Amino acid sequence: QTLESWEYSLSQALALGGGGGGAGPEHMSCYSLIYEPNTAMTARMKRGEFLPIDEELELAMFEHVYTRMRGAGFQRYEVSNYARVGRECRHNVHYWKGSNWMAWGPAAAGHISGWRWKNAASLAHYLEALRPGGGGAGVLPLTQMEHLPPRAWAGEVAVFWLRLSEGLGYAEFLERTGVDARPVMEKVLRKYAEMGFVELLGDRARLTEKAVAVSNRILADVLAGF
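Before going into details, it helps to say that this report is about the structure given with it. Source: prediction; values computed, not measured. (Residues numbered from 1 in each chain as written. Predicted model: local features only at pLDDT ≥ 70, side-chain atom pairs only at ≥ 80, totals over all residues. Heavy atoms only, no water.)

Okay, a nonpolar patch on the surface next. Judged by side-chain polarity, M102, W104, I112, W115, L142 and M145 come together as a nonpolar surface patch covering roughly 650 Å² of accessible area. Relative to the assigned elements, L142 resides in strand β6 (residues 142-147). L142 sits in the partly exposed class, given a relative accessible area of 37%. (Patch = residues over 30% accessible without salt bridge, like charges linked within 9 Å, V, L, I, M, F, W, Y side chains within 5 Å. Areas by Shrake-Rupley, 256 points an atom, 1.4 Å probe, with all protein chains shown as cover. Salt bridge = Lys/Arg side-chain N within 4 Å of Asp/Glu carboxyl O. Helix = DSSP H or I, 4+ residues; strand = E, 2+ residues; numbered from the N terminus. Buried < 20%, exposed > 50% of the residue type's maximum accessible area, 1.4 Å probe, protein only.)

This next bit is on the nonpolar core. Judged by nonpolar contacts, the single largest core of 31 residues is most densely connected at L168, F173, M185, L189, V222 and F226. Listing elements by their share of this core, those giving two or more residues are α6 (150-162), α7 (170-177), α8 (181-194), β9 (204-207) and α9 (215-224). Sort the elements by how many residues they give to this core and α6 lands first, with 7 residues. With residues up to four places along the chain from it excluded, the contact list for F226 reads R151, A154, G155, A158, F173, V179, V184 and M185. With 10 residues, the next largest nonpolar core counts L10, M61, V65 and F74 among its residues. (Core = buried A, V, L, I, M, F, W, Y, C linked by side-chain atoms within 4.5 Å. Contact = heavy atoms within 4.5 Å.)

Moving on, we get to the packing of aromatic side chains. On inspection of all chains with the given rule, the structure shows 6 aromatic pairs. Each ring, one from Y77 and one from W96, has its centre 6.1 Å from the other, and the planes form 50°; the classification is tilted. Within this pair, whereas Y77 is found in strand β2 (residues 75-78), its partner W96 is found in helix α4 (residues 90-96), the two being separated by 19 residues in sequence. Taking relative accessible area as the criterion, Y77 reaches 9% and is therefore assigned buried. (Phe/Tyr/Trp six-rings, centres within 6.5 Å; stacked < 30°, edge-to-face > 60°.)

Examined against the element boundaries, N81 turns out to sit in strand β3 (residues 81-83). In terms of polar contacts, N81 uses its side chain to reach the side chain of Y31, at 2.9 Å. Once residues lying within four places of it in the same chain are set aside, the contact partners of N81 are H27, M28, S29, Y31, Q75, R76, N92 and W96. (Polar contact = N/O pair within 3.5 Å; in protein donor to acceptor, adjacent residues only side chain to side chain.)

One can find R84 in the loop between β3 and α4. Between the C-alpha atom of R84 and that of P25, which follows or precedes it by 59 residues, the distance is 8.8 Å. Not counting chain neighbours up to four residues away, the residues in contact with R84 comprise A23, P25, E26, A72, G73 and F74.

Right, let's get into the packing of helix α1 (residues 3-15) against helix α3 (residues 55-71). Helix-helix packing: each pair is described by the crossing angle between the helix axes and the interaxial distance. Taken N-terminus to C-terminus, the directions of α1 and α3 make an angle of 30°; their axes are 10 Å apart at the nearest point. Taken together, the axes of α1 and α3 lie roughly parallel to each other. Crossing handedness for the pair α1 and α3: right-handed. When α1 is examined against α3, the residues L3, W6, E7, L10, S11 and L14 are found in contact with a partner set consisting of L57, A60, M61, H64, V65, R68 and M69. (Axes fitted to C-alpha atoms, helices over the stretch in contact; angles between N-to-C directions. Parallel < 35°, antiparallel > 145°, perpendicular 65-115°, else oblique. Left-handed = near helix turned anticlockwise from the far one by under 90°.)

Two elements in contact, α8 and α9, have axes separated by 9 Å at closest approach and are oriented at 155°. Our classification of the angle between α8 and α9 gives roughly antiparallel. Judged by the sense of rotation from one axis to the other, the crossing of α8 with α9 is right-handed. Facing M185, V188, L189, K191 and Y192 of α8, the residues of α9 in contact are R217, I218, D221 and V222. The residue inventory of the contact of α8 with α9, partitioned by class, reads 6 nonpolar, no polar and 3 charged. (Nonpolar A, V, L, I, M, F, W, Y, C, P; charged D, E, K, R; others polar.)

The next thing to look at is the pairing of strand β4 (residues 109-112). In this sheet, strand β5 (residues 115-119) lies alongside β4 in antiparallel orientation, the contact comprising 4 bridges. When the sheet's bridge partners are listed, H111 is paired in β5 with R116. (Pairing = 2+ DSSP bridges.)

All right, on to the state of the cysteines then. Two cysteines form a disulfide when their sulfur atoms are joined by a covalent bond. If you walk through the whole model with that rule in mind, you get 0 disulfides. Of all cysteine sulfurs, the one in C89 lies closest to C30, which takes part in no disulfide; the gap is 14 Å. Residue C30 is classed as buried on the basis of its relative accessible area of 8%. Since its relative accessible area comes to 24%, C89 is described here as partly exposed. (Disulfide = S-S within 2.5 Å.)

Have a look at this one:
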């Protein structure tokens, strides 16, 4: 991929709906590609069928999408998510702030107060389990169920929450997780605040625009404190 092809993709996406009287998209997610293990694409990359882009080009693409989306009337409300005012994805925000959600359908994931699970991926298995008199006696076929200790779960919520442009609100975080984040994160956040990467606003902390491109390093340090 090149910067030019990336700009072409953005332009085409922003133009969707514009020619038929529609207003175009109201929300766009623009994530960098991650080569996940045990996937066909990663296997192809390891065989040398294509080369991943270098970090400098990836950073240029990351900065370009910010400028391009802002110019099109979008606001970045999360590191990789853009929306027009009032059109932020409520499910995404719900997820990033550690709320509870149910899982319906094969391979869907759910979370309740630190308990999380995934439904079986097989449609046939899923339907058979729900069928009256079936092998599962009407019980959802759950897989990968785990329960995180409260502090570990709070750490995960903290790093997702800090990705939001609004930042992490201490009072809301305490109510949601039962953990007071301020003393846990104070030392590491103050260090990054002195470097211009974090704003400490009394009732909340948030990443600055300068920090967004290196947010993974900052958030890893935050998580280590939990």
